[in-house]
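Spelled out, the chains give:
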Amino acid sequence: MADHAVSSHSSHSEGEHHGFAHPMPVWQLLAVFFALIVLTILTVYQATFDLGNMELVLSLFIATIKASLVVLFFMHMLYDKPLNAIIFLSSFIFVALFIGFTLMDAHAYQDSVELKQVDSPRSEVVMPGE
Amino acid sequence: MSAEAAIHGEAHGHDDGHGHSPFLAHHFDDAEQQYDSGKLGMWLFLVTEVLFFSGMFCAYALYRSLHPEVWTFASQFLNETLGAFNTGVLLFSSLTMAWGVRCAQLRQHKGLVICLAMTLGCAAIFLGVKAIEYTHKWDLGLLPAGSYESQYLPGMHHSGPSSWLYVLSAIPALCVVGFGIWYGLSLAKGDKQKSEVAGPLLVTALCYFVGVGIGLAFESAEAGEHGDVAHAVAHTDGEHTVDGHAGDAHAAAAGGDEHATEEHGEEHVEEPVADVAASPAFQSEELNKLLASPGETTMVASAAEEAAQVAKPGEATEAEVDQRGGAGLFFSIYYCMTGVHAIHILGGMIVLTWLLVRATKNHFNEEYFGPVDYVGLYWHIVDLIWIYLFPLLYLIK
Amino acid sequence: MSAVPADSARAQQEERENFLVFSKGFLSWALTLDHKRIGLMYLIGVMSAFFLAGILALLIRLELMTPTNTYMNNQTYNQIFTLHGAIMVFLFIIPSVPAALGNFLVPIMLGAKDVAFPRLNLCSFYLWVSGAIFFLAAMFYTGLDTGWTFYTPYSTTTQGPVVAATLGVFILGFSSIFTGLNFIVTINTMRPPGMSWFKMPLFLWATYATSIIQVLATPVLGITVLLLAAERLMHIGIFDPEYNGDPVTYQHFFWFYSHPAVYIMILPGMGIISELMSVHSHKSIFGYRFIAYSSIAIALFGFLVWGHHMFTSGMADVTTIIFSALTFTVSIPSAIKVFNWLATMYKGTVQLNTPMLYALSFIFLFTIGGLTGLWLGALSTDRVLHDTYFVVAHFHYVMVGGTLVGFLGGVFHWWPKMTGKMFSELWGKVSCALVFIGFNLTFLPQFVLGSRGMPRRYAQYVPEFQELHVISSIGAFILGIGLFVALGVVIHSLMRGRKAPPNPWGGATLEWQCSSPPPYYNFATPPRVNDPYDYTPLEYRDAERGWEYVHPPTTDTPATEPEPART
Ligand SMILES: [Cu+2]
């Protein structure tokens, strides 16, 4: 209660009668939605070109823009308490740490690893539909 | 003593003392504190979701970075159109969810019920499309590493209709019947609240079949154009047309392929496929034909083996990539990621149903809209994960 | 005492309203949302798990009395040590302090009525119970022999019930996540007026840091065991070299959780020690901010060092060097804590009662455990010591010498508060002495064994190791007796113990301001929030055999809660 008392009534745009609620304006919701659809079309279109390594970077970049739109507006983070934003965003630091170290290590010892050939059908495995 | 007792008495009365909202828990001072606590808790839960998925993203990043060519090869078996369509569906459901939160805050009860119903419907469409994608792949032998069937090894494909689609559709079908009866009964009784719940749920269950229909339409449209694997083969060896492949395949299959699927395959190719899927009530016979396409592709695939042998040395052909192994890993990761995501959709549908029931009872207002908001956050993160899954799985070139 | 009738009336009211007896019947416990009852149920649960796993440990030590197989074959031995490790880690150590003591203490220390999400809290308890049943049934059914770490590729090929056990771990993980989430929200949003972050008791800081790890790390364990289960059921191949997967990746996944989990185990113990040191020395804690920050630092650094479990697993050289270097940094915040505890005792009025003796044992044993960790974090020595008894001794010094001893200290310290009964000081001290002697006798020889090359996880060994093994086994039985004495002490106190005063030790944190045991609503009026380590206003009363405030500290909190303004 120490925290919430201080920060109450800090994020208002649509009048006081809603208390601590902050309803998103409809136009904003629709604008974000159409932006997301346009970006989806863009990323599909982008995938028709052979861009080499840039392809991954570009598609992740577009995905991140989309994700930011969802987080900021649909998830209301733009108007939320900073603590919530910090908590959520800091989780990605740990994801980066996890994936980064694991990948770094796996690539460093990869010389000693070889792919196994697919030699014969594995008959003992039950397949769906049988 | 009396003063002491009075204080205690007040403390006891605290539980139901404030009496402002029936949903204010006794250990909170006011609605805002309760809302803030719930919101913080939900964000923390989303953090756990992010880290939960990070394990699979880690596996993805690891194996893709180690064997990019395997991923390029395997990714083309995914149907881009369906992926894009499902992305749109989820984005729309996110919109309706966010709108629902707004409705709850503004006491627009009707609007809230509509928004929740639309969100549920989108979720069901998503799952219907997913069911088609899954069953189609299962038939092609595009399975997790342990059961993955090399697309270039002859004689290990099985054709015939997939019974899996029926299995997957059993529960939605039961839901249609159940919710339909419930809806009818509540209408007959004139129970408005019950029918407000049963109606959207009935629509949701039907939406699954809409998803299945759309999935079939797109999947077969794709197959009609060039066929998944035929498409792959065209990459290997540009000279062959699809027809040429089919011809080769016949020759190759004549030797050892015990699956007699020629008739199916030919009929399938000749028939305008769009018709099959366009018919709203797809009959099982047509479904069978559609699902028989693996037979056709099998033969195309075995032809590719020959094609692979004449490919340029030094550059790995797709057949080689496939047989070198690892393509199964792509599908392992594909199934893990999309499967866990689908489970999250299912979980979301359960909580959305709970919200729907409460919305019809007019529980939410500008002081108490937390549950809608929290479920909304959850729903958006499910969407958010799909926003990344779509390009990472479907759009690899 | 002028108002005797008032006092007796209040005593009667306390008797009637204390959380233990306020409502009766099985369901009033099974469906309770009261954090104190849930804490007690956890306490009983984790203690049962502990004694079960402890008996398994004694079976292991009995087998190791001789160099050859005596009454177990090798396969049984594998299953027993797996059971011992898995039960201890997943069912006891991880939930012990946070879920049992934390549940009881966190809201009371905050002056709150309950945790933020009482239903989630109860749900978390039942997840623990169902996870435990799942886990135990799976393991007793055919016996799991993978060790508690479930390393691939062995875990994907063994006949044991790996899937069931991993699903049990998955469920237990959720229990842990929900507890952590609940505490973070509670501490963030439910602190009373006047309690800023740096006026919180250090136990809450430690719990907060622990909760951060629980929320951030446990999901990764969840996905790891889920993928492992999928590996066994469908051969997804991610961890299986048979399908071009990479088993070292499994270890990365597993230790990304399980190293931070070591801090889930030890941090709450450290929090307990911070409280005990200050209260039983009757001296303000030395370096409050350093201890608070070091808790958070340990929690965050803990995520950077998981690779030190994999130095010999085929990791690349460059990664081993990075992880080794990072591992040493974790020792800094740990050392900060130890120095501050020692400084707290300096010139304090140290009372060597049972909780304090356990706290002192903790410092001694944890220091040994921590320092031997440095040898294992150094690449060159780890090459030799990896997978030997040196490792076994090291982590037992941390987990048993640290967490278990800290947990026991905490249980004795808050036992009067939880149950309203005092325990026998004499026998409490006896139990502490037996635990301390028995523990060192068990595990000091294992350092020697390990450095001489005795590998872990073997039922047989070369005869020249027998002497040390016998000493170790004798120590284990003394330790076992000590723990049974401790159990006897608390059970005896329940039946025969004298009534506990509200503040038997002279603590200044908020839980000592309500009666023992607390009423179901915790505080009739919002408690006075003051410096949690300021003992000057407290004075010992012989009549009550407890401490009271002589000069009630002035407070800016109004006596009754103001009605929040409404529009
Ligand atoms: Cu470690």
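Numbers given for residues are sequential positions, taken from 1 along each chain in its written order. Labels are handed out in written order, letters beginning with A for the chains and numbers beginning with 1 for the ligands. Local features in this predicted model are restricted to residues whose pLDDT is 70 or higher, and side-chain atom pairs enter the listing and the counts only when it is 80 or higher, whereas totals over whole chains, interfaces and linings include all residues. Values reported for side chains reflect all heavy atoms of the structure, with hydrogen atoms and water molecules removed beforehand.

Asker: Any chance you could explain the overall build of chain A here in plain terms?
Answerer: By the criteria applied, helices consist of DSSP H or I runs no shorter than four residues and strands consist of E runs no shorter than two, each listed in order from the N terminus. The helix and strand inventory of chain A stands at 4 helices and 0 strands. Along chain A, helices and strands appear, N-terminal first, in the series α-α-α-α. Exposed residues in this analysis have more than 50% of their type's maximum accessible area, buried residues have under 20%, and partly exposed residues fall in between, with area computed by a 1.4 Å probe over protein chains only. Within the span of chain A, comprising 130 residues, buried residues form 42% of the whole. Any two residues whose heavy atoms approach within 4.5 Å at even a single point are treated as in contact. Within chain A, contacts between residues at least 6 apart in sequence are counted, and of these 52% link residues at least 24 apart. Per element, the accessible surface of chain A, about 7,000 Å² overall, is 69% carbon and sulfur. Calculation of accessible area relied on Shrake-Rupley with a 1.4 Å probe; when residues are assessed, cover is drawn exclusively from the protein chains displayed.

Asker: Please explain the interface of chain A and chain B as it appears in this structure.
Answerer: It is common to report an interface's size as the accessible area lost on association of the parts. Residue-level contacts link 65 residues of chain A with 69 residues of chain B. Buried area is understood as the total, over both parts, of accessible area removed when two parts are fitted together, assessed with a 1.4 Å probe. For the pairing of chain A and chain B, the buried interface totals around 5,900 Å² over both sides, and the portion due to carbon and sulfur atoms is 74%. Salt bridge, as applied in this entry: a Lys or Arg side-chain nitrogen positioned within 4 Å of an Asp or Glu carboxyl oxygen. Viewed at the interface, chain B and chain A are joined by 3 salt bridges. For Asp-80 of chain A, the salt bridge goes to Lys-39 of chain B, with nearest N and O atoms at 3.7 Å. Polar contact criterion, stated in full: a pair of N or O atoms within 3.5 Å, where within protein one must be able to donate a hydrogen and the other to accept it, and residues adjacent in sequence count only if both atoms are side-chain atoms. In this assembly, chain A and chain B are joined by 6 residue pairs in polar contact (both at pLDDT 80 or more). When residues of the side of chain A that touches chain B are traced back to their parent elements, those giving at least two are helix 2 (26-46), helix 3 (53-74) and helix 4 (82-108) of chain A. For this scheme, ten residues count as nonpolar: Ala, Val, Leu, Ile, Met, Phe, Trp, Tyr, Cys and Pro. Four count as charged, namely Asp, Glu, Lys and Arg, and the remainder, Gly too, count as polar. A per-class count over the side of chain A that touches chain B returns 39 nonpolar, 18 polar and 8 charged.

Asker: Any chance you could explain the interface of chain A and chain C here in plain terms?
Answerer: Taken residue by residue, the interface counts 20 residues in chain A and 30 residues in chain C. Scanning the region where chain A abuts chain C turns up 0 salt bridges. For the side of chain A that touches chain C, the elements supplying multiple residues, two or more each, are helix 1 (2-7) and helix 4 of chain A. Take the side of chain A that touches chain C: its biggest share by element is 11 residues, from helix 4 of chain A. Here the side of chain A that touches chain C is composed, by residue class, of 12 nonpolar, 3 polar and 5 charged.

Asker: Any chance you could explain the packing of aromatic side chains here in plain terms?
Answerer: Any two aromatic rings considered together are summarised by their centre-to-centre distance and by the angle between their planes. Stacked, tilted and edge-to-face are the three classes applied to pairs of Phe, Tyr and Trp rings, where Trp contributes its six-membered ring and a pair requires centres within 6.5 Å; stacked means planes under 30 degrees apart, edge-to-face means over 60, and tilted covers the rest. Per the stated rule, a full pass over the model turns up 78 aromatic pairs over all chains. Both rings, one in Phe-73 of chain B and one in Phe-77 of chain B, keep their centres 5.4 Å apart while their planes meet at 80°; by these two values the pair is edge-to-face. The lysine or arginine in question, Arg-191 of chain C, covers the ring of Trp-197 of chain C, its NZ or CZ lying 4.3 Å from the ring centre. One cation-aromatic arrangement involves Arg-289 of chain C over Phe-198 of chain C; the distance from NZ or CZ to the ring centre is 3.8 Å. A ring is considered to have a charge above it if a Lys NZ or an Arg CZ atom is located within 6 Å of its centre and within 35 degrees of its normal.

Asker: What am I meant to see in helix 15 (residues 425-451) of chain C here?
Answerer: To estimate the expected span of a helix, count its residues, drop one, and scale the result by 1.5 Å. Here helix 15 of chain C contains 27 residues, and its C-alpha end-to-end distance of 39 Å stays within 8% of the 39 Å for a straight helix at 1.5 Å per residue. The positive-phi residue at the C-terminal boundary of helix 15 of chain C is Gly-453 of chain C, with phi of around 110°.

Asker: What exactly am I supposed to notice about the domain arrangement of chain C here?
Answerer: All names here are of chain C. Taken domain by domain, chain C comprises domain 1 (32-535) and domain 2 (536-567). A C-alpha centroid distance of 34 Å is found between domain 1 and domain 2. Of the roughly 1,400 Å² buried between domain 1 and domain 2, counting both surfaces, carbon and sulfur atoms make up 52%. At the junction of domain 1 with domain 2, the criterion picks out 0 salt bridges. An automatic or database domain assignment is the source of the domain bounds shown.

Asker: I tried to follow the environment of Ser-431 of chain C on my own but got confused; where do I start?
Answerer: All names here are of chain C. Following the sequence through the fold, Ser-431 ends up in helix 15. Ser-431 sits in the buried class, given a relative accessible area of 0%. A sequence separation of 415 residues divides Ser-431 from Arg-16, and the C-alpha atoms of the two residues are 33 Å apart. Each residue touching Ser-431, except ones within four places of it in the same chain, is listed here: Tyr-358, Phe-412, Gly-482, Val-485 and Ala-486. At a separation of 2.9 Å, a polar atom in the side chain of Ser-431 contacts the side chain of Tyr-358.

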